Structures are given as structure tokens and as C-alpha cells.
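Observations on the model geometry
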Amino acid sequence: MLLSLITFLPVVFALVILAVPEEKYVRPTAFVLGVGQFLLSLLVFKDYDPTTAALQLVEKTEWVRSAGINYFMGIDGISLWLVMLSTFLVPLIILGSWTAIDKKVKGFHVCLFLLQTTMIGTFLAMDAILFYVFFEASLIPMYYMVGIWGGARRIYASMKFFIYTMLGSVLMLVSIITLMGMTKQLTGQMSASLLDFYNLDIPFVAGTMFSTQSLLFFAFCIAFAIKVPLFPFHTWLPDAHVEAPTPGSVILAGVMLKMGTYGFVRMALPIFPEATEYWAWLFFSLGVIGIIYGALVAMVQPDIKKLVAYSSVSHMGYIILGIFAMNVQGISGGIYQMLNHGISTGALFFLVGMIYEKTHTRKIEDYGGLAPAAPLFTILFIIVTMSSIAVPMTNGFVGEFLILTGTFMANKAFAYVAVLGVILAAAYMLWMVKRVFFGAPGKVVNEFAEKNKSLDISKREFAVMAPLIVLIFWMGLFPNHFLSWSEVSINHLVKNKTSYQLQVLNSDQKSAVTAQTKSK
Amino acid sequence: MEQTLISILILTPLVGFFINGLRWKSENCKLAGTIATSAIFISFIAAVTLVAKLIQLPEGERQFTAHFFEWIHVGSFQANAAFLVDQISAVMILIITGVGALIHLFSMGYMSHDKRPAKYFSYLNFFIFNMLLLVLGDNLLVMFVGWEGVGLASYLLIGFWFHDPAKASAGMKAFITNRIGDAGFLLGIFTLFFYFGTVEFGELAARMPAEAETLWSGPITLACLFLFIGAMGKSAQIPLYVWLPDAMAGPTPVSALIHAATMVTAGVYMIVRMNEVFILAPNAMMVIAVFGALTAFFAASIGMTQWDIKKVLAYSTVSQLGYMFLGVGVGAFMPALFHLMTHAFFKALMFLGSGSVIHAMHEEQDIRKMGGLKKYMPITHITFLIGWLAIIGMPPFSGFFSKDEILYYSFVSPHGSSFLWLIGVAGAIMTAFYMTRLMALVFWGKSRVPSDVHPHESPATMTIPLIVLGVLSAVAGFIGIPHAIGDLFGHLPNVLEHWLDPRLVNLDVEHSKALEFGLMGISVALAGISAAFAYDSYTKKQERIDKFTSKFPKLYRAVEGKYFVDEFYFGKIINPLISLSKDLWVYVDVNFIDKITYWISDFVRSAADAFKSTQNGNMQSYAMYITLGVVVILSFIF
């Protein structure tokens, strides 16, 4: 029941919010509920067994019998941390948008909770159709979030975002249905379970795109690549980020982009092993292009938020690189970097939002000399910057280092190019930091000095940042606290990359397994 | 016990960083300085205790390890938060905490008028913490943590007065240039891990000999070259030295500590630490030696033409680092580490001396506006004089022993050549020239001090470190007396060589005392002549120099303009890259990818429009479509 509870409790929360009589109670209620939800999700650790790669806490109920579609939820080392990330960020977002969202407050929080359900559902669904439903449903609240609470060009941005991602997922649906047909041929009973998809032996011919496996593979990959977004499908991202309200950007960068990379690990790799191996070069190339291209374009952005958006393109390129390295270091690094990116880039969007709320400008040229005017803000910004450019002792380093190690083991040439991203990241971030925080006081700082108003962050905003900062260092110094929970699942995926299978851990087996490990 | 000592050694600076960091708004320089200085002093005591314990152990067992926790363990990759105190890192921790404590003390005087002393001292402590991680790490990854950490500290301290855009830019330039090196360092780590499956120094050294026989030496050479790129960045070698002269924008004690005595020597330390690996890659060693010699030469030539007291010292540092790389490049690991140590003393001394001068001159750094300071600042003058004698290699001052040892090995080592020696000696001649020029223009000759400036000797917090460093610069050479000289005075031992011997690969060198004395004599004599010439020119016959430079105006302008390397980097690399990025954004993102998506959506819309017109609600046209359809279907059937 736990997984369903975590997934669908936010829907209940959304109803509760609707029932809140006065608008001023909406935010506190939402915050308390969000925190409660996060604490509840921590219960997963109690029942989760990190010594097995099998799927755990499984729930399965029939949905459409004739098509073999089930309500099938489960968790393993690959999805565990992404679920935690989704429950962790929501209360911070509620707290962070306390004053930023000032119209339709109720609607906003309803949207946010519905979005949370779809995100968690995406990571927990082990039935392809169920996954697809959650994956698609997440677009709707996000669409409204950008379209209602967004900036001046919000309608354009939300349309672009919606159509782009929708287009990709339609191809995936066709592919899912084809795979369901194949399960019927194999076993006589149609099934949409990912576990049955893993058992399929899909015909593959090297050297052509037009073999069944490659076609299905690409149908999935395009959907995920748009979501990630991978170069050249990335142009929706900067627009969506710039127009989205701060909480929208945080959710988008923090969790929604990971649905794409998660999809690669959960589906593209294990269902289509030969195609993955054969086409790895293509994804390596696109990943590396994304790293360099995203960094270069980020460097010349005049808008801070757009700069951070393009830096996401660069960072997500690293994750793709790690995943397609198909070795323990690469995939561990990829999964770690998904969390890192959620935390660091989420934090950057929070910070940009905080200063925007006060100054109503994100143009770099309007700033300058912000450091003396907003010292605490500056310190936090620089810490997050260091995490973003992967300075050791922060989380970013561990992820990036593992990814690059994995890439180097898989294909040296790509690692040589990808390492340039390390330099460019420092260039675009520090150049921006220099222009915004250092030097003579700029337009904004002078205006605020005249009005005698503070630019620094408030206690509430500090409370939003504090958990993120703690995680930045915790994950940087003790990566094993996090990776050890995923280790077995990742090893299992890498070791069996050509014949991946996932067992379901039921309670009897679990006691048997623990007995076994104990007797050892 | 040792583990506790190592913890104290590393963590006290971190505690100091937090204490001062949390009270960063405080303007009480004395309190902040006391906290920070005592933190480093405690650290120094721990270091001394550790080394004393190390000495008591039998020669072959001299090492302490401290394993704190498993840091990253993924698959076969493992890196622990583990530290190693052995003969090599022992030398380094003494320098870092010892010189570090003195410079902290000096800062208490130097920064007394600053508005943010607590912030300054917290950064300084943070630097020491990272520097200790760098030298104590028992694997490449912990070293890399320190490696990037000192870069971060350096970034923060160079840009300490960030309201000045030039200073903020200097910090950024330092960080980004270092990042280029760091990328190389990372590739070095990957290469070593890929071929040898470990990043731990001890393991690497142990696996080396066996692997070297079976493997093509390519991977080792490649790894060494990548690591050297890292060293180029951190230790300011050609072509990545450009950040160091700009780094002088930071407070002067920072220049002394980070940009002269400790951080910039990290590259040399790294190579000495991994000498078992580097020695197996003779081609990489040759590259290192050549880059080192060229850096020593060119930086010295720029040093002869600069007018900013700190810039002269900065180029001098680059040049001296070049000597150290020449040393490790020819396999003279002990002399390189020896020179690292003596240089840390005399260059820290001279930077602090220049700080004392700048302080006295009310932030004036142009040596054309100084002169005759000798009588106003006797202690600064005397100590600076010792530093001057040390750096130009006058016996028996410390620089003489270490520099001549490097030059000697560059000649006799199997990895060396007379060519390398010649460049080294040419560099030494120029060194003697620019340092004497500096002495003459600052301390000697007629005073050119503007009338509104009243130079004065600095307070005790500043002069005490000068005196201690002065003594060290004078006598530190005696721990590494070359055998040729030692034998002259009845078998004086070379203490340092003996100490480091178990850790370093020995070179097959046939020593010849005559040759050693001959080479020594030549370089000392030439340096002496050069110094005398410079003294004469700058105190008495200034017109001689002007006449000479006006004869070669182009050459002079090129050297004074630092060979226009910065201009080249900006004009040919950075600006084109920025305009390329703008083009990518405008032409690829906005005008290509987005245009394609618009075309697709336009196409869908116009297709929809075309079909829309068929659904016009007109019964007759629907009937016609049905009829047409029936006809078409029938035509297929029949």
C-alpha cells in the first residue's frame, strides 16, 4: 500500500486544498501536507532491501484484463532516489513560492500536488501503459503552471512545451502497443508489464535503422530525448524555463527532465539491448554535443535564467553519456547526476527566482556589485555555483567524475571531448557570477540603495535553501550513503545488459533472502 | 595517536575557517587574525610532532597512514578519504603550516585597515586546509580535492577586493585557466585507472615496474603528459602561466602564501609524489624538462622589464617554478623538492617584504616611484637583501644550493643535456639582473618617493615573519649540501637527500667533482657579473639601459608587453569562441531548429486547412464524395 499511498496522497491533498475556506490558509496547509508527504516517503527506506536487485513493495491489480494491463507499481534502486527527489522538492517549492505566486493561489497548489502524483507515478509504474498515463498526465498540470503563472510569453512557451513533448510520447505509445503485441506472440497472453517486455527477444539487424528493434528503440528514445532534452530537441527548454514561474522551473529541471533519463535506464536499455549497444555512438555524440553546445550557448545568454536553462542542456548531456557508457561507473554517475542536477539546478532556479521577485529583472547587465548588497544571497549562490561546476566535496563532482570515468572506460574519444565541458562550465558560470555579483554597483543595486531596501534573502528563503545546501555537501562527501541503496540494482543492470530480467520480491522471498544473507 | 595528530593537522584550519566564516562581518582584525593564526600554529605543532615521530622510525618504515572513511566506491573504482605522511609529504606539511603561520601573522598587520578581516582570514584558513588535503592525500582523487580546493581559495582571495572589476576578472581568469589544467589532471586519473586499476599512490608505484615491462609505455607517457597539463595550470608553466601575474591583484600576503610558497608548487609536488610513474615515461619527462627550462627563460626575460614590484616577483615565481620543472624533468626529484622548499622561504620573504614596502608607500607598487627606502625600512631592507642573495644563487645562501643542484643535474642526468643547462644558466643570469634591478630601484640609489608619502618601517607583526623567513632563507640550504662541497669540509652529510632517498627513484649518474665545481663556478660567476652590471646600471648609469633599449625598440616592447600572449589568447581563442557561441545560439537554435519545428507545425496546419474545406456542410458535395468513393472502390474490385 505504501507506494500507492505516496503516489496518490497528493491527489487527496489537492482536494483538501480545494476545501480550504480562506486563501490565507492555503499555503500553510499545503506546506504541512507537503512535509508530511515527504516524511511518509521516507518510510520506504524502512521496508526497502538494498541487498537485492528485485522489484520491491510491489502492488499489482488488474486493470484491463484482455490487454494484460495492470495497475503495477514497484520500486528498485533505479527509481528509489528519484521518488525521494520528487517528495523532497515539493515542500521546498511551496515554501519558495510563498510570495512569488500571488494569483490563483489555490489553483497553483492543486496543480502542484497533481503534478507530484504524476511524477511519482511515472517513477513507480512498472506497467508500460500505466507509465505512459503518468508520463503524459504530467504535461497537463505543467502546461497550466507555465500558462497561468508564467511570464509574458507564457502561452507560446507552454504550447511549445506541450506539443514538443506530446509529439515524442505518441511515438512511444505506438511502440508500447507493438511490444504488447509481441508479448502475446511469445506467451499467448498479452501483457503491458515491463517485466514481460524485458523477456522479449526483438529481432535486430545491425547496420540498419529499419530493423524492428531499432525502430522501436528510436520511438522510445525520441520521446525520452525530447524530455531530457537531448540536442537537437532542446529548444523548448529555454523558452519553457524563462516563461515558467520559479516553482515551475524548479519542478521542470528538478524532476521532469529526469523522467526522460529515467526512461532511458528503465526501458530503452534493458528492452532493446542490442540496439542500445549498436546505437550508443549516436547517443554519445549527441550527449557530447549537448555538453559543449549547451555550455557555449549558456555563456552568451544575457538572461540569467536562460543561462541556467542552457546549462541544464549541458548537464543532461553528461547524464546521457553516463547511461550509454553501460558500465557501473557510468550508470551510477548518471543516476547520481540526476539527483545532483535536481538539487543544484533546482537551487539555482530558486535563487534566480528570489532575486527576480525583488528586482523584476533577470538581465545580467542590470546587475553588478550585488555581493556587498546581498551577502548571504551571494554566499549561497557561490556554493550552488561550485556544486553546478562540479568542484570536489560538492555533489556535482561525484556525479561528473563517475560519468567521465565510465565514459573513458567505454570510449576514450568521447571522454576527451566531454572533459572540455568541465572548463566551459567554469567559464560560463564564473563569468556570470563576476558580472552579477562583483564589480561596481549596477543599476539594480543603486536603485535599491536609493530606496534603502534590502536585496538579501529573507529567513523563509534561507529555510528553502538550507536543506539544498546540506544535501550538496552531504552528497559530495558521503556518496556511499546514497549510492549503496542503488548499487545492487545498477550492478544487476550492467551485468545482465543483454539478458536483463527483473524479479518481483514478495514477502516470503524477502525473508528467505535475508535468511540466506544471514547464514552467509 | 598518529591518526589523531593527522586529524588535528588537517582539521584545525577547517575549524578556523568556520569560526571566522560565521563571524565574517566582524571588523576586529586582531581577533580574527589571532583565531586564524593560532589555528595554523596548532596545525604546525601537529606537523612538527608528526615529523619528529617519523624520524624515530627506522628508515624503511617511515610513514603514517590515516584512513578516515570510504569516499567513492563504485564498481572497481575506489577512493578513500585517506592520508599519508611520509618523507615527501613531511617536507610539504612543514612548509605549508610553518610558512603559512608566519604569513597569517604578517597578515594581521597588513590587513589591519581592511573592512573584512574575518572573511579574509577564513579564506586563508580554508586555503591551508585544502593545501594539506592536496599534499596528504594518499590517492590521486583526494589530491584532486585539494587541487581544486586551493584553486577555489585562490579565486576567492585574488578577487578579495571584488568591487574592482579588474581584480574580480583576475580571480576568474585564475580559476578558468586552472580548470584547463584540471581537465588534463582528470584525464590523467582516468588513464591511470583504466590501465592500472587504481588511483592510490602506493598501489600505483607497486604496479608500475611489472606493468612497464609488459606494456607499451604509451599509457604511462600519456598519463604523465595529462598530469603535467594539470601541473602547467596550477604551477603556471607555459602556456598556462598567464593567470599568475594577474593573480597579484590579491592582497600581498596571499601572493606570498598561495602564489609563491605553496599552491603554485603543487604541480612539482605531484610529480615528485609520483616519481616512480614519471621515471617510466622518459618522453614525458623530456617534455616537462623542456617546458620548465623555457618557462624559466621567458618568464625571467619578462621580469627584467616590469615596473610593478609584485609583477617582477610574479614573473620571478613563474621562472623559478620553471627551474623546479626542469629539475623533475631531468629526474632530479630531490633537488626540485629542495628548491621548492628554499624558494618557499625566499620568495615568501620577498613577497612579504614587498608587502611591507607597499604598505609603507601607501599602496604604491610602481618601483619607479620608490628608491632609497633602505634608510626608512632597515629590517625590510636587510631581510629582502637576504632573499635577493638567495634567489640569485650566491653561496652560501639557500638558493645557491638548490638551484645549482638542479642545474648540475640538468647537465649530467641521463635525461638532461647541455642545452637544457645552457637555458637554465641564461635564466639565472637574467634572474640576477632583474632581482638586482629591483633591489636598486626600491632600496638603493636616490629616493624618487613623492613628497606626500612618508615611508616607515612596518609593525612587529610584519617584521617578525620577515626576520624568521630571512634566517631560513639564509641557512636552509645547509640541509642539502651537495657531496662535492660536503666533502670539502670533511664529509658534511646531505640531510635532505638522505631523508628522501627511500621514496625517490635513483638516477644513474656518474658524479664528477671537477665537473660539478666547474658548472657551479660558471653559473655563480655569470650571475655575479650580471648582478654587478645591474647594480652599476640602475644606481649610477641609468642612461646605459635607456640607450640599450632604444637600440632594440621592437624587442623591448615585445618583452615589456609580455610577448603579447594575453592579447593572442583573447584575440585568437576567447573572442572567436564567444562570437561562435553567439552564432550557434542565433543561427542554430533560433533560426534553424526552431524554424524547422515551425515549418512542421505550419505544414500540419495547412494540411488541416485543406481538409477542413471539404467539410463544408453541403449535402450535395458530400453525396459527390460518396459517389466518387464508390467508383474508386469498384474500380479496384473489377
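Quantities reported herein were computed from a predicted structural model and do not represent experimental measurements. (Residues numbered from 1 in each chain as written. Chains lettered and ligands numbered in written order. Predicted model: local features only at pLDDT ≥ 70, side-chain atom pairs only at ≥ 80, totals over all residues.)

**Observations regarding the overall build of chain B**
Short version of the rule: Put simply, DSSP marks the helices as runs of H or I at least four residues long and the strands as runs of E at least two long, and each gets a number from the N terminus on. Think of it as a crowd count around each C-beta: if 20 or more other C-beta atoms lie within 10 Å the residue is buried, if 12 or fewer it is exposed, and in between it is partly exposed, with C-beta placed from the backbone throughout. We call two residues in contact when their backbone-placed C-beta atoms lie within 7 Å.
A count of helical and extended segments in chain B gives 26 helices and 2 strands. When its C-alpha atoms are laid out on the principal axes, chain B stretches across 120 × 65 × 55 Å. Residues counted as buried form 54% of the 638 residues belonging to chain B. When contacts within chain B are restricted to residue pairs at least 6 apart in sequence, those whose partners lie at least 24 apart make up 81%.

**A word on the overall build of chain A**
For clarity, the threshold we go by: Values of the radius of gyration come from C-alpha atoms, whereas the globule rule sets the reference at 2.2 Å times the count of residues to the power 0.38.
Scanning chain A for helices and strands turns up 23 helices and 2 strands. Against the compact-globule benchmark of 24 Å for 520 residues, chain A has a radius of gyration of 22 Å, which places it among compact chains. When its C-alpha atoms are laid out on the principal axes, chain A stretches across 75 × 60 × 50 Å. The burial tally for chain A puts 61% of its 520 residues in the buried class. Restricting to contacts in chain A with at least 6 residues of sequence separation, those with at least 24 account for 79%.

**Looking at helix H22 (residues 513-539) of chain B**
Residues and elements named next belong to chain B. Definition in use: By definition here, a helix of n residues has an expected span of 1.5 Å times n minus one.
The end-to-end C-alpha distance of H22, which contains 27 residues, comes to 38 Å, matching closely the 39 Å that a straight helix rising 1.5 Å per residue would cover. Within H22, burial applies to Leu 519, Met 520, Ser 523, Ala 527, Ser 530, Ala 531, Ala 534 and Tyr 538. Turning to H22, the residues buried within the fold contact helix H17 (398-412), helix H18 (418-442) and helix H23 (542-551).

**Remarks on the interface of chain B and chain A**
Filter applied, for reference: Under the scheme applied here, ten amino acids are nonpolar (Ala, Val, Leu, Ile, Met, Phe, Trp, Tyr, Cys and Pro), four are charged (Asp, Glu, Lys and Arg), and all others, including Gly, are polar.
Each partner contributes residues to the interface: chain B has 38 residues there, and chain A has 39 residues. Every element with two or more residues in the side of chain B that touches chain A is listed here: strand S1 (63-74), helix H5 (140-158), helix H6 (165-196) and helix H25 (565-612) of chain B. Element by element, the count of residues in the side of chain B that touches chain A is highest for H6(B), at 15 residues. Residues belonging to the side of chain B that touches chain A are distributed by class as follows: 24 nonpolar, 7 polar and 7 charged.

**Focus: the nonpolar core**
Residue and element names in this part refer to chain B. What counts here: Joining buried Ala, Val, Leu, Ile, Met, Phe, Trp, Tyr and Cys residues through C-beta atoms within 7 Å gives a set, and that set is a nonpolar core.
With 425 residues, the main nonpolar core has Leu 132 and Ala 348 as its most contacted residues. Per-element accounting of this core gives the leading share, 17 residues, to helix H15 (residues 333-360). Ala 348 has contacts with Val 99, Ile 103, Ala 256, Leu 257, Ala 260, Ala 261 and Leu 469, leaving out every residue within four places of it along the chain.

**A look at the confidence of the model for chain A**
Using the following cut-off: A score from 0 to 100, pLDDT tells how confident the predictor is in each residue.
Across chain A, the average pLDDT comes to 90, with 97% of residues at 70 or higher. Below pLDDT 50 for its whole length, residues 511-520 of chain A participates in 2 contacts with residues either more than four positions away or in separate chains.

**Here's the deal with unusual backbone geometry**
Omega for the peptide link from A:Phe231 to A:Pro232 comes to 0°, which places this bond in the cis form. Within the secondary structure layout, A:Pro232 lies in the loop between helix H9 (212-227) and helix H10 (236-243). A cis amide bond links B:Pro395 to the next residue, B:Pro396, at an omega of 0°. Here B:Pro396 is to be found in the loop between helix H16 (378-391) and H17.

**What about the packing of H17(B) against H22(B)?**
All names here are of chain B. Heads up, the condition is: Axes here mean lines fitted to C-alpha atoms, for a helix over just the part in contact, with angles spanning 0 to 180 degrees between N-to-C directions. Note on angle classes: values under 35 degrees are labelled roughly parallel, values over 145 roughly antiparallel, values of 65 to 115 roughly perpendicular, and the remainder oblique. Crossing handedness is defined as follows: a turn of the near helix away from the far one that is anticlockwise and smaller than a right angle gives a left-handed crossing, while the clockwise case is right-handed.
Following both chains from N to C, one finds H17 and H22 inclined at 125°, their axes separated by 10 Å at the closest point. The angle between H17 and H22 falls in the class oblique. For the element pair H17 and H22, the recorded crossing hand is right-handed. The residues of H22 that touch H17, namely those facing Asp 404, Leu 407, Tyr 408, Phe 411 and Val 412, are Leu 515, Glu 516, Leu 519, Met 520 and Ser 523. Looking at the contact of H17 with H22, its residues break down into 7 nonpolar, 1 polar and 2 charged.

**Remarks on the environment of A:Val110**
Residue and element names in this part refer to chain A. One can find Val 110 in helix H4 (residues 105-124). Assessed through the 23 C-beta atoms surrounding it within 10 Å, Val 110 is described here as buried. The spacing of Val 110 and Ile 176 is 66 residues in sequence and 31 Å in space, taken between C-alpha atoms.

**Overview of the confidence of the model for chain B**
With 99% of its residues at a pLDDT of at least 70, chain B reaches an overall mean of 90. This complex was scored by the predictor with a pTM of 0.93 and an ipTM of 0.92.

**Notes on the environment of B:Leu192**
All names here are of chain B. Within the element layout of this structure, Leu 192 appears in helix H6. For the pair Leu 192 and Val 604, spaced 412 residues apart in sequence, the C-alpha to C-alpha distance is 54 Å. If near-sequence neighbours (up to four positions away) are discounted, Leu 192 is found in contact with Leu 140, Val 199, Leu 204 and Ala 223.

**A few points about the environment of B:Gly181**
By secondary structure assignment, the location of B:Gly181 is in helix H6. Every residue in contact with B:Gly181, bar those within four places of it in the chain, is listed here: B:Ile229, B:Gly230, B:Met232, B:Gly233, B:Lys234 and B:Leu240.

**Description of the pairing of strand S2 (residues 77-86) of chain B**
All names here are of chain B. Here is the rule: Here the rule is simple: two strands pair whenever DSSP picks up at least two bridges between them.
With 7 of 10 residues buried, S2 lies mostly within the body of the structure. With 10 bridges joining them, S1 and S2 adopt antiparallel strand pairing. Bridge pairing in S2 places His 73 opposite Gln 78. Taking the residues that link successive antiparallel strands as the turn, the S1-S2 hairpin has 2 residues, and the phi of Gly 75 there is positive, at about 60°.

**Quick word on helix H22 (residues 479-495) of chain A**
The cut-off we apply is this: Each residue is assigned a bend, namely the angle between axes fitted to the seven residues that terminate at it and the seven residues that start at it.
Of all bends in H22(A), the biggest is about 50°, found at A:Ser486. Taken residue by residue, H22(A) has A:Pro479, A:Phe482, A:Leu483, A:Ser486, A:Glu487, A:Ser489, A:Ile490, A:His492, A:Leu493 and A:Val494 as its buried positions. The elements touched by buried residues of H22(A) are helix H3 (80-96), helix H11 (246-271), helix H14 (328-359), helix H17 (395-410) and helix H21 (459-477) of chain A together with S1 of chain B.

**Here we look at the packing of helix H1 (residues 2-19) of chain A against helix H2 (residues 26-47) of chain A**
All names here are of chain A. Between H1 and H2, the shortest axis-to-axis distance is 10 Å and the interhelical angle comes to 175°. As summarised for this structure, H1 and H2 are arranged roughly antiparallel, according to the angle between their axes. Facing Leu 2, Leu 5, Ile 6, Leu 9, Pro 10, Phe 13, Val 16 and Ile 17 of H1, the residues of H2 in contact are Val 26, Thr 29, Ala 30, Leu 33, Gln 37, Leu 40, Ser 41, Leu 43, Val 44 and Asp 47. In terms of residue class, the contact of H1 with H2 is made up of 14 nonpolar, 3 polar and 1 charged.

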